[in-house]
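Commentary on secondary and tertiary structure
Single-letter residue listing:
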Amino acid sequence: MSEVAAIPEGETGFDRVLRFTIPARNARGRVVRLSPVLDLIQGAHDYPPVIARLLAEALVIAALIGSLLKDGEGQMTMQAQTEDGIVDLLVCDYRGGELRGYVRHDADRLAGLGANPSLFALFGRGYLAITFDMASTGQRYQGIVPLEGDSLAAACEAYFAQSEQVPTLLRIAVRSEGGRCVAGGMLVQHLAEGEEGRERLHVKLDHPEWEHIAALAGSIRHDELIDSALSLEALVWRLFHDEPEVRVEAGNPLQRGCRCSIEHYASVIGQFPEDDRADMRDEAGLVSVDCAFCSRVFEIPA
Ligand SMILES: [Zn+2]
């Protein structure tokens, strides 16, 4: 951990997370800016601009929430799902700095929408599930909230308020520049008496300490989140420089990562009884498995 003032200038770095805490206010936060990793993830799909922007927003959120995990090998999965929405499934996950995601949608119905459809126009009625899988203990925590509000970020704020009782502010910006996508985001939250991960016994969403931090954080502009001339450190400094102490720490570098491989699927298929495996095999004795994250089909000898 080091003081904001000690951070060298000029580090704009995409595909990284900066963690920060404001101890006197019992607040913590993350800022993230993505670009090359978005190109890689989007490159596996051929999404129309509306869906590409939605996935970019979701990946920024996944990086922000995922990097809250103290368990280095833990995984955060965000899933938005609906019955009959134009988008019926969005999945993103984060593990140890690795991001991946995909969006399942109806291209024909999407074509009937404008360039900036609302969250409701895209999803209709649905739910948002956020799951934390702790590698170190094998425990799984899941919270589910209605998929409501103006944006995925708003739905995630509702998740933290309702499911974890942690007041949280999320701001996300996404811009397409000459076919490339640049996205940035910030998450700030108020912890119960500074105790990370402990159950909040006295839920006070209107704590004056939090109102102060939320007002400072809320003053951030969308263009600042994606301005490559403004480092993440400078961004945090700009918002919180009047606070007595702001601690910052580099998070994991972010990269695209997927767990799909012939070996992985072979071991999964190997757990099915032989009768089932016989049903799955094609004439060549192979089982076809689809990785939706990578848009790849694997032919597994089984
Ligand atoms: Zn994959």
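Residues numbered from 1 in each chain as written. Predicted model: local features only at pLDDT ≥ 70, side-chain atom pairs only at ≥ 80, totals over all residues. Heavy atoms only, no water.

Leftover empty space is mapped by rolling, across the atoms, a probe with the size of a water molecule. Space inside the second largest pocket adds up to approximately 470 Å³. Considering the residues around the second largest pocket, the lining is formed by 20 residues, among which Arg53, Glu57, Pro117, Asp150 and Ser151 are closest to the centre. Mapped by element, the contributors of at least two residues to the lining of the second largest pocket are helix H2 (49–66), helix H4 (119–123), helix H5 (152–163) and strand E9 (168–177). Broken down by element, the lining of the second largest pocket gets its largest block of residues, five residues, from E9. Here the residues of the lining of the second largest pocket sort into 12 nonpolar, four polar and four charged. (1 Å grid on protein atoms, 1.4 Å probe; cavity = no way out; pocket = protein on both sides within 12 Å on 5 of 7 lines; lining within 4 Å. Points joined across faces, edges and corners; volume = space filled by probe spheres on them. Helix = DSSP H or I, 4+ residues; strand = E, 2+ residues; numbered from the N terminus. Nonpolar A, V, L, I, M, F, W, Y, C, P; charged D, E, K, R; others polar.)

This part covers helix H1 (residues 36–43). When we look at burial in H1, the residues that qualify are Val37, Leu38, Ile41 and Gln42. The buried residues of H1 occupy an angular sector of 125° when projected down its axis, which confines them to one face. Turned more than 90 degrees away from the buried face of H1, the exposed residues are Leu40 and Gly43. Where the residues of H1 are buried, they touch strand E3 (27–34), H2, strand E6 (98–105), strand E10 (180–190) and strand E12 (255–256). (Buried < 20%, exposed > 50% of the residue type's maximum accessible area, 1.4 Å probe, protein only. Arc of directions from axis to C-beta. Contact = heavy atoms within 4.5 Å.)

Considering every residue of the protein, the mean pLDDT works out to 90; 91% of them sit at 70 or more. Across the protein, the element-wise mean pLDDT spans from 38 in strand E1 (residues 2–3) up to 98 in E6. With pLDDT under 50 throughout, residues 1–11 is counted as low confidence; its partners more than four residues away or in other chains account for 20 contacts. (pLDDT = per-residue confidence, 0-100.)

Attention now goes to the coordination of the zinc ion. For the zinc ion, the full set of protein donor atoms is Cys258 (SG), Cys260 (SG), Cys291 (SG) and Cys294 (SG), at a range of 2.2 to 2.3 Å. Its four donor atoms give the zinc ion angles of 104 to 115° at the centre, a pattern that matches the tetrahedral case. (Donors = N, O, S within 2.8 Å, 3.2 Å for Na, K, Ca; no water. Tetrahedral: all angles 85-135°; square planar, octahedral: opposite > 155°, others 65-115°.)

Now for the nonpolar core. Generally speaking, nonpolar side chains in soluble globular proteins are found buried as a group. With 67 residues, the main nonpolar core has Ile65, Leu90 and Leu128 as its most contacted residues. Discounting residues that sit within four places of it in the chain, isoleucine 65 has contacts with Met76, Ile130, Phe132, Cys156, Phe160 and Leu187. Within the second largest apolar cluster, 25 residues are counted, among which are Ile213, Ala217, Ile226 and Leu232. (Core = buried A, V, L, I, M, F, W, Y, C linked by side-chain atoms within 4.5 Å.)

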